[in-house]
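Listed below, chain by chain, are the residues.
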Amino acid sequence: MSILVLFGSAGMAYYAVAQVFLVLVLLFCSASANANFSTDFDITWGGYEHANILENGRSLNLLLDNTSGAGCQSKKEYLFGKIDMQIKLVPGNSAGTVTAYYLSSQGPNHDEIDFEFLGNVSGDPYIVHTNVFTQGQGNREQQFYLWFDPTKDFHTYSILWSPQQIVFLVDGSPIRVFHNNEELGVAYPNKQAMRMYSSLWNGEDWATRGGLVKTDWNSAPFIACFRKFKVEACKIKKNASPPSCSVASEHKWWNQDTQQERLKWVQQNYMIYNYCADTRRFPLGLPPECNAP
Ligand SMILES: *[C@@H]1O[C@H](CO)[C@@H](O)[C@H](O)[C@H]1NC(C)=O
Ligand SMILES: *[C@@H]1O[C@H](CO)[C@@H](O)[C@H](O)[C@H]1NC(C)=O
Ligand SMILES: *[C@@H]1O[C@H](CO)[C@@H](O)[C@H](O)[C@H]1NC(C)=O
């Protein structure tokens, strides 16, 4: 009898441990599962005719025609982490179209971390336009061509946002790093939580060859496809001041030692505009972060 009870209680304990383990595994998985566009996002403009949720919430197509584009935003807000989205850009003649994918807080002093994809006529290259806004202030553009055709297939565009740095990645390759240079007096986005936004709109006034090539509405509707939006929260080191992401999570996403060469390769071969090299635009001197090591 007593043996049975002992056995029983050990079994119960084992069962309890298994339950705890299961709960932890579920929490861990749900933290990094792909978002459901039906439940995790709000369509903010364009309506469901221009924002089609497909595959049971697994993917989203945004449409632009001569009546409207479309946009959506995540219901949740985030403060630091790594976000990934797979995007297949508007194929064919996409001149004038802008596909945007960015993080932003709200209000006039908002922070923002931008990816924008500027379309082109068939066969000519898209531009990946990046920018960082702090306290409502942008003017930190860097632009790139890609080393593949972004309209043929889905590719992963990521933003790593930690208290120390912002890294833009394409298929895991870093293309841009924006460091926290608060000690030089440069504001850094680390106080306001941000939502994720996606949109497709008509930017013919500036997007393609600086606005020379307009949108050809005969090619409408223009369609950009999104899927596998995923957020991994950064685990903040306890008692660290200033706050920082645990080295483990940050290194998993961007390892300066092993990926620095790749970053250099992208910047040397694919960067087409860098505000930090635009001395004509800043006659009184480049912004302080441009001269930081
Ligand atoms: C996404 O959410 C909708 C609405 O709740 C649900 O019907 C659908 O099954 C979900 N999709 C997935 C892939 O879980
Ligand atoms: C928009 O496009 C549709 C279909 O091509 C066309 O019938 C309509 O006249 C266009 N409307 C405007 C305002 O250009
Ligand atoms: C479009 O193609 C032209 C000609 O190759 C190029 O100068 C431009 O940078 C390309 N991209 C955009 C978005 O204008």
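Source: prediction; values computed, not measured.

A. Examining the sheet that holds strand S2 (residues 51–54) more closely. Spatial ordering of the open sheet is given by S2-S3-S14-S5-S10-S11-S12, a layout of seven strands whose pairing is antiparallel. Because the sheet does not close on itself, it has two edges, and the strands there are S2 and strand S12 (173–179). Within the sheet, the average angular offset between the axes of one strand and its neighbour, ignoring direction, is 20°. Of the strand pairs in this sheet, strand S11 (residues 165–170) and S12 are connected by six bridges, and their pairing is antiparallel. Counted as the bridge partner of Leu-169 is Pro-174 from S12. Across the sheet, helix H4 (residues 256–270) lies against S11 and S12, angled at about 95° from S12, the strand it touches most.

B. Quick peek at the site of ligand 3. Around ligand 3 sit Leu-118, Gly-119, Asn-120, Asp-124, Pro-125, Ile-127, Tyr-145, Ala-207, Thr-208 and Arg-209, and that is every residue in its neighbourhood. Arg-209 is positioned with one of its backbone polar atoms (N or O) 2.7 Å from an oxygen atom of ligand 3. Partitioned by chemical class, the residues of the shell around ligand 3 number five nonpolar, three polar and two charged.

C. Representation of the site of ligand 1 within the structure. If you check the shell around ligand 1, you find Asn-36, Ser-38, Thr-39, Asn-56 and Arg-58 and nothing else. One of the side-chain N or O atoms of Asn-36 is found 2.4 Å from an oxygen atom in ligand 1. Taking Asn-56, its main chain carries an N or O atom lying 2.7 Å from a nitrogen atom of ligand 1. Tallied by class, residues from the shell around ligand 1 come to no nonpolar, four polar and one charged.

D. Summary view of the confidence of the model for the protein. Here the protein averages 88 in pLDDT, while 88% of its residues score no lower than 70. Segment residues 1–31: pLDDT under 50, and one contact once partners within four positions in sequence are set aside and those in other chains are kept.

E. Region of the structure containing the pairing of strand S4 (residues 70–74). Buried residues dominate S4, accounting for five of its five residues. What you see with S4 is no split at all: Ala-70, Cys-72 and Ser-74 on one side and Gly-71 and Gln-73 on the other are buried throughout. Pairing of strand S1 (residues 41–45) with S4 involves four bridges; the strand directions are antiparallel. Across the sheet, Phe-41 pairs through a bridge with Ser-74, a residue of S4. Bridge count for S4 against strand S13 (residues 195–202) is four bridges, and the pairing is antiparallel.

F. Main features of the side chain of His-129. Residue placement: His-129 occurs in strand S8 (residues 127–133). A polar contact is formed between the side chain of His-129 and the side chain of Gln-143, at a distance of 2.8 Å. Apart from the residues lying within four places of it in its own chain, the contact partners of His-129 are Asp-114, Phe-115, Glu-116, Leu-118, Glu-141, Gln-142 and Gln-143.

G. The sheet that holds S8, seen in detail. Spatial ordering of the open sheet is given by S1-S4-S13-S6-S7-S8-S9-S15, a layout of eight strands whose pairing is antiparallel. Looking at which strands have only one partner, the edges of the open sheet turn out to be S1 and strand S15 (271–274). Across the sheet, the mean angle separating the axes of adjacent strands is 15° when strand polarity is ignored. The sheet contact formed by S8 and strand S9 (residues 142–144) spans three bridges and is antiparallel. If you follow Thr-130 over to S9, its bridge partner there is Gln-142.

H. Summary view of the pattern of salt bridges. Scanning the entire structure with this criterion turns up nine salt bridges. Where Lys-75 meets Asp-42, a salt bridge forms, and the shortest distance between an N and an O atom there is 3.9 Å. Separated by 33 residues along the polypeptide, Lys-75 in the loop between S4 and strand S5 (81–88) and Asp-42 in strand S1 bring together distant segments of the chain. A salt bridge links Lys-82 to Asp-84, with the shortest nitrogen-to-oxygen separation between them at 2.8 Å. Here the salt bridges share partners, and the residues they tie into one network are Lys-82, Asp-84 and Lys-230.

I. Spatial organisation of the side chain of Asn-274. By the element assignment, Asn-274 lies in strand S15. Side-chain polar atoms of Asn-274 contact the backbone nitrogen of Cys-276, separated by 3.0 Å. Not counting residues up to four positions away in its chain, the partners in contact with Asn-274 are Glu-141 and Gln-142.

How each quantity is defined
Residues numbered from 1 in each chain as written. Chains lettered and ligands numbered in written order. Predicted model: local features only at pLDDT ≥ 70, side-chain atom pairs only at ≥ 80, totals over all residues. Heavy atoms only, no water. Pairing = 2+ DSSP bridges. Helix = DSSP H or I, 4+ residues; strand = E, 2+ residues; numbered from the N terminus. Axes fitted to C-alpha atoms, helices over the stretch in contact; angles between N-to-C directions. Contact = heavy atoms within 4.5 Å. Near = heavy atom within 4 Å. Polar contact = N/O pair within 3.5 Å; in protein donor to acceptor, adjacent residues only side chain to side chain. Nonpolar A, V, L, I, M, F, W, Y, C, P; charged D, E, K, R; others polar. pLDDT = per-residue confidence, 0-100. Buried < 20%, exposed > 50% of the residue type's maximum accessible area, 1.4 Å probe, protein only. Salt bridge = Lys/Arg side-chain N within 4 Å of Asp/Glu carboxyl O.

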